[in-house]
Structures are given as C-alpha cells and as structure tokens.
Amino acid sequence: MTQGKRVLIVGSGAREHALATAIAAGGHEVVVAPGNAGTAAVARNAEVRVDDVPRLVELAATEKADLVVVGPELPLTLGLVDALEARGLRAFGPNRAAARLEGSKAFMKRFCERHRIPTAPFAVFDDPDAAERHVRSAPRPLVVKADGLAAGKGVVVSGSAEEACFAIDRMMRKRDFGDAGRTLVIEERLAGEEASFHVICDGTRGFALAPAQDHKRVRDDDRGPNTGGMGAYAPAPVVTPPLQERVMREIVEPTLAGMAADGAPLRGVLFVGLMIDRGEPRVLEYNVRFGDPEATVLVPTYGGDWFDLLDSAARGELPRAAGAPASRAALSVVMAAAGYPAAPRAGDRIEGLDSALPQGAFVYHAGTRRGPDGSFVTHGGRVLAVGASAATLEDAARLAYEAVAQIRWDGEHHRSDIGRRALPKAASQ
C-alpha cells in the first residue's frame, strides 16, 4: 500500500468527503477544492470553484499533487483533465473527449447504437415542432432528455404526450436549461428496476465495484419530484453475479473498446445507469464520475486501498487483481434541507453532529458550512449523507437510521425507506 502522497480532490459534496476520508486514512495528505465543512476535518480545503479550470490547474501544480481526483462532471466536460495532463499532472478522470459519454446524451445514444450496446430505442431532435409531432404519434409515453448537462433536472419521464410536449416547450423554446436543451433525445420508456454500476477504468480494462441502487424521488415509496438522490445502498441484489458478468461482457467491455477505437480511451469511472427487466440489462445513461450518493456506499464496500486503485487507473496500469469488494454491505440516507428540491433553505443550525455514532456508522457532509459561532449550518439542498456499513444490509440500515435519529435541524427531511427493494419492510424506519 502506497503512503505519503499528496492528492487534490475536486468537488464539494458527500462524494468528495467520502473519497477524502478514505484516501487520508491511507496515510496521504489531501486537499479538497472547494470542499465543505466536513472535508475540512480530514483534509485542507482550498477555495477554488469546480468550473475554474485555470485556477484548479495552478492549485494542483502549486501543491505538487501526485494525483488529482475529479469528482463532479462539469470540470470533466470543461477539459480539466486535458489541462492537467498538459502540465504533466496525473489525474483520475476522463479527458474532454471521453467525457462526452455523459456530457451529451445524443452522443451517448449514437455511440451505443454504433457499437451495438443495448439501450432504449431513441430519436434526436433539434426542432421543437418535429419533436412534438414525434411524441404525439408515439403509441406510448416517452422519456424526454436534454442533450447537455442540466444539474440532474434535464430528464422528464412523461406519463402522456401532453406532458412530453410541455417538457419539449420548456427545454427547447423557453430554454429552461440554456444550451443544454438546444437538442433533445426522446426515447422509449423502459420498464424494470434500476441499478448503478460503477467500473474503475484504465483506458482498456475495468474493475467493477459493488453494484448499487439509489433513490431519486424525494419522498417514501418513490413519490414526489426527482432529486439528485436521497440515499443509496450496496450491494444491490438485482445485479446477481451472473448478471454482473453479462453487464461487463455485453456493456462495459464494448464501451471501453468502442471509446478506445474512437480515439477517446476512458480513464476514470464509468458509471452505467442500468435498467434491468426480467434479467435483461440495458443502458439508461452513462456517467463518467462517481455517483453521489452512491460513492458514500461504494467507499466502505471496497476492500482495497483507494489511492492505489485510482492512481493505477490514472496511470493506465490497472492491475488484473485490483482487489475485491469487501463482503460487507452499506446504506446511506440523505438528510435534506427545508424546501429541497425546489428551493432549499440555507443557514439552519445542525444539531447532533457531536453525538457518538453507532459502530460502523458514518456522516459525510454535502451542503454544510461553519456559521459565525463555529456551528455547522445548512448550505445546500442535500446537507448530509448519513449511513453505515455492516455484515448485512439489514444491519447497515438499522445502524444508519439510528445515526440519522441523532441529527436534526429545522425543516430537515429524509426518506425512511432507503433500501426498500432489498429489505424487509421493518428494516428501514
């Protein structure tokens, strides 16, 4: 196990707090830009925005970073990895060309079609009138997706042609998401169960982490508006070992081979959003970074050293035996601010963070900062990811919700059924 390296992590969410905690625990010095009130306890924060590529490159050079780990998608699509590599700095994350897998849904769908990777039938539109004619002539409801990055809000799973046309009008005519909605992907609505499948990639080969499942809707029983994610757990039993082998063989390996053949080999994370229907996996979307909150359960379920894993992938030298996911489970509950997701309120004082946690529990900060008196206050919609790892998913859920019960602030809300597809009803509260 390598020790004593300096690592710059770009981002400010629970994902970055989880990675910083794991890497620092391995004996490395960690800097997080910009970080949050939680990362400050395990690393040194640097006030640099994730979209300020020149300043991030200068920070990495000044810090003499041995490795830069890029958390969110925006700096990847802006070419941060390209700029770092031009300065001779090693980065974990794809370059701008490879980041198109996430940055453009039209590119992703055409890529899957070209390389015969299973995904939903689709059409791409630059004209809103043509898009509306398409959805009105379709025999069933469709999914409308903004082509570009829209902060997780650019997908509408429509229940009717009218709903789809309303989404087309908002995205293409009213430009609710700016240039991200200039082009739309409209695809068939798939049935089944979703899973988050993360693979660490070195450009040619991949190592699969534990399959996870997140919960997008804001309220229990998958009700209410979509969010960035209200919780996650791993491993997800819907991805059986034989199915995982199929996903690697039929989706991941062709994706890596296709990107390499197209001149954009992918180094970093390939996060495949899967829809699984009666044992058949299809690609809903690609992301090229760790999911958040999925990262908060992937970190404790991986049995190896995180720096060595990410660094070897960045070098293009992922070992054939990269380690194995630990024989443990993890579950994470997002505690959200009042008003989230529509209009989250900031500045509420968080109580209970100094309480002793149950053994195996963890708290990763996302939207927090220090108030004038030094207390922790809310500073974002998804405030904390509170969870636990244990021998079984049922134990992880019990410990996670015990930890959640110790933390409070005015207007806080969370789901009480994280893991509901994999747990007995009494296991989550």
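Residues numbered from 1 in each chain as written. Predicted model: local features only at pLDDT ≥ 70, side-chain atom pairs only at ≥ 80, totals over all residues. Heavy atoms only, no water.

### Remarks on the overall build of the chain
No. 1: Assigned secondary structure in the chain consists of twelve helices and 22 strands.
No. 2: Taking 22 Å as the expected radius of gyration for a compact globule of 429 residues, we find that the chain reaches 21 Å, a close match to that expectation.
No. 3: Sorting the 429 residues of the chain into buried and exposed places 56% on the buried side.
No. 4: Summarising the internal contacts of the chain: among those between residues at least 6 apart in sequence, 68% fall at separations of at least 24.
No. 5: Entry remark: accessible area of the chain is about 17,400 Å², with carbon and sulfur atoms responsible for 48%.
No. 6: Of note, the chain has its 52 positive side-chain charges centred 2 Å away from the centre of its 55 negative side-chain charges. (Helix = DSSP H or I, 4+ residues; strand = E, 2+ residues; numbered from the N terminus. Rg over C-alpha atoms; globule rule 2.2 N^0.38 Å. Buried < 20%, exposed > 50% of the residue type's maximum accessible area, 1.4 Å probe, protein only. Contact = heavy atoms within 4.5 Å. Areas by Shrake-Rupley, 256 points an atom, 1.4 Å probe, with all protein chains shown as cover. Lys, Arg positive; Asp, Glu negative; His and termini not counted. Charge placed at Lys NZ, Arg CZ, Asp CG, Glu CD.)

### Topic: the sheet that holds strand β1 (residues 6-11)
No. 1: Spatially, the five strands line up as an open sheet ordered β3-β2-β1-β4-β5, and their pairing is parallel. Every interior strand has two partners, whereas the edge strands, β3 (44-45) and β5 (91-92), have only one.
No. 2: Relative to strand β2 (residues 29-34), β1 runs parallel, the two sharing six bridges. Residue pairing in the sheet places G11 in a bridge with P34 of β2.
No. 3: Helix α1 (residues 14-25) rests against β1, β2 and β4 (67-70) of the sheet, and its axis sits at about 170° to β1.
No. 4: The sheet contacts of helix α11 (residues 306-315) involve β1, β4 and β5, and relative to β4 the element is tilted by about 95°. (Pairing = 2+ DSSP bridges. Axes fitted to C-alpha atoms, helices over the stretch in contact; angles between N-to-C directions.)

### Some remarks on the nonpolar core
No. 1: In terms of nonpolar packing, the biggest core is built from 80 residues, with F197, Y286 and L331 touching the most fellow members.
No. 2: Considering each element in turn, this core owes the most residues, eight residues, to helix α12 (residues 393-405). (Core = buried A, V, L, I, M, F, W, Y, C linked by side-chain atoms within 4.5 Å.)

### Points about the layout of surface pockets
No. 1: Roughly 190 Å³ of volume is contained in the second largest pocket.
No. 2: Along its surface, the second largest pocket is lined by A208, P211, P235, V239, T240, P241, Q244, E245 and M248.
No. 3: No other element matches the four residues that helix α9 (residues 241-261) contributes to the lining of the second largest pocket.
No. 4: Residue classes in the lining of the second largest pocket are distributed as six nonpolar, two polar and one charged. (1 Å grid on protein atoms, 1.4 Å probe; cavity = no way out; pocket = protein on both sides within 12 Å on 5 of 7 lines; lining within 4 Å. Points joined across faces, edges and corners; volume = space filled by probe spheres on them. Nonpolar A, V, L, I, M, F, W, Y, C, P; charged D, E, K, R; others polar.)

### Notes on the pattern of salt bridges
No. 1: Summed over the entire model, instances satisfying the criterion amount to 38 salt bridges.
No. 2: With a shortest N-O distance of 2.8 Å, D51 and R49 are connected by a salt bridge.
No. 3: When its relative accessible area of 35% is taken as the criterion, D51 is described as partly exposed.
No. 4: Accessibility expressed as a relative area gives 53% for R49, which makes it exposed.
No. 5: The network of salt bridges with common partners includes D129, E132, D169, R173 and K174. (Salt bridge = Lys/Arg side-chain N within 4 Å of Asp/Glu carboxyl O.)

### Quick word on the packing of aromatic side chains
No. 1: Summed over the entire model, instances satisfying the criterion amount to seven aromatic pairs.
No. 2: On the basis of an interplanar angle of 25° and a centroid distance of 6.3 Å, the ring pair of F107 and F111 is categorised as stacked. Of this pair, F107 and F111 both sit in helix α6 (residues 105-114), four residues apart, roughly one helical turn.
No. 3: Under the relative-accessibility criterion, F111 is labelled buried at 0%.
No. 4: Between F207 and Y302 the ring centres are 5.9 Å apart and the planes differ by 70°, which places this aromatic pair in the edge-to-face class. Placement of F207 in strand β11 (residues 206-208) and of Y302 in the loop between α10 (294-301) and α11 is noted, with a sequence separation of 95 residues between them. Each member of the pair F207 and Y302 is classed as buried.
No. 5: Taken together, the aromatic side chains of F92, F207, F290, Y302 and W306 make up a single cluster linked through ring pairs.
No. 6: Here the guanidinium or amino end of R370 rests over the ring plane of F376, the centre of that ring lying 3.8 Å away. (Phe/Tyr/Trp six-rings, centres within 6.5 Å; stacked < 30°, edge-to-face > 60°. Lys NZ or Arg CZ within 6 Å of the ring centre and 35° of its normal.)

### Description of unusual backbone geometry
No. 1: Here the amide bond leading from A33 into P34 is cis, since omega sits at 0°, within 30 degrees of zero.
No. 2: At the junction of Y340 and P341, the peptide bond is cis and its omega measures out at 10° in the coordinates.
No. 3: Looking at the secondary structure, you find P341 in the loop between β18 (329-336) and β19 (361-365).
No. 4: Notably, D222 is not glycine yet its phi reads approximately 55°, a positive angle.

### Quick look at α11
No. 1: Of all ten residues making up α11, eight are buried, and the element is well covered by its neighbours.
No. 2: The N-terminus of α11 is capped by D305, whose side-chain oxygen sits 3.2 Å from the backbone nitrogen of F307.
No. 3: Of the residues one or two after α11, G316 is the one with positive phi, at around 80°. (Polar contact = N/O pair within 3.5 Å; in protein donor to acceptor, adjacent residues only side chain to side chain.)

### Things to note about the side chain of S196
No. 1: One can find S196 in strand β10 (residues 193-202).
No. 2: A distance of 2.8 Å separates polar atoms of two side chains, one belonging to S196 and the other to E294.
No. 3: Apart from the residues lying within four places of it in its own chain, the contact partners of S196 are P211, A212, D214, F271, V272 and E294.

### Topic: the environment of D147
No. 1: Note that D147 resides in the loop between β7 (142-146) and β8 (155-157).
No. 2: Residues in contact with D147, not counting those within four places in the same chain, are G103, S104, K105, A106, F107, A180 and T183.
No. 3: Within the local environment of D147, its side chain forms a polar contact with the backbone nitrogen of A106, the two atoms lying 2.8 Å apart.

### Brief notes about the packing of α1 against α11
No. 1: Following both chains from N to C, one finds α1 and α11 inclined at 105°, their axes separated by 8 Å at the closest point. By the angle between their directions, the pair α1 and α11 is classed as roughly perpendicular. Contact residues: α1 offers L19, A22 and I23, while α11 offers W306, F307 and L310.
No. 2: Partitioned by chemical class, the residues of the contact of α1 with α11 number six nonpolar, no polar and no charged. (Parallel < 35°, antiparallel > 145°, perpendicular 65-115°, else oblique.)

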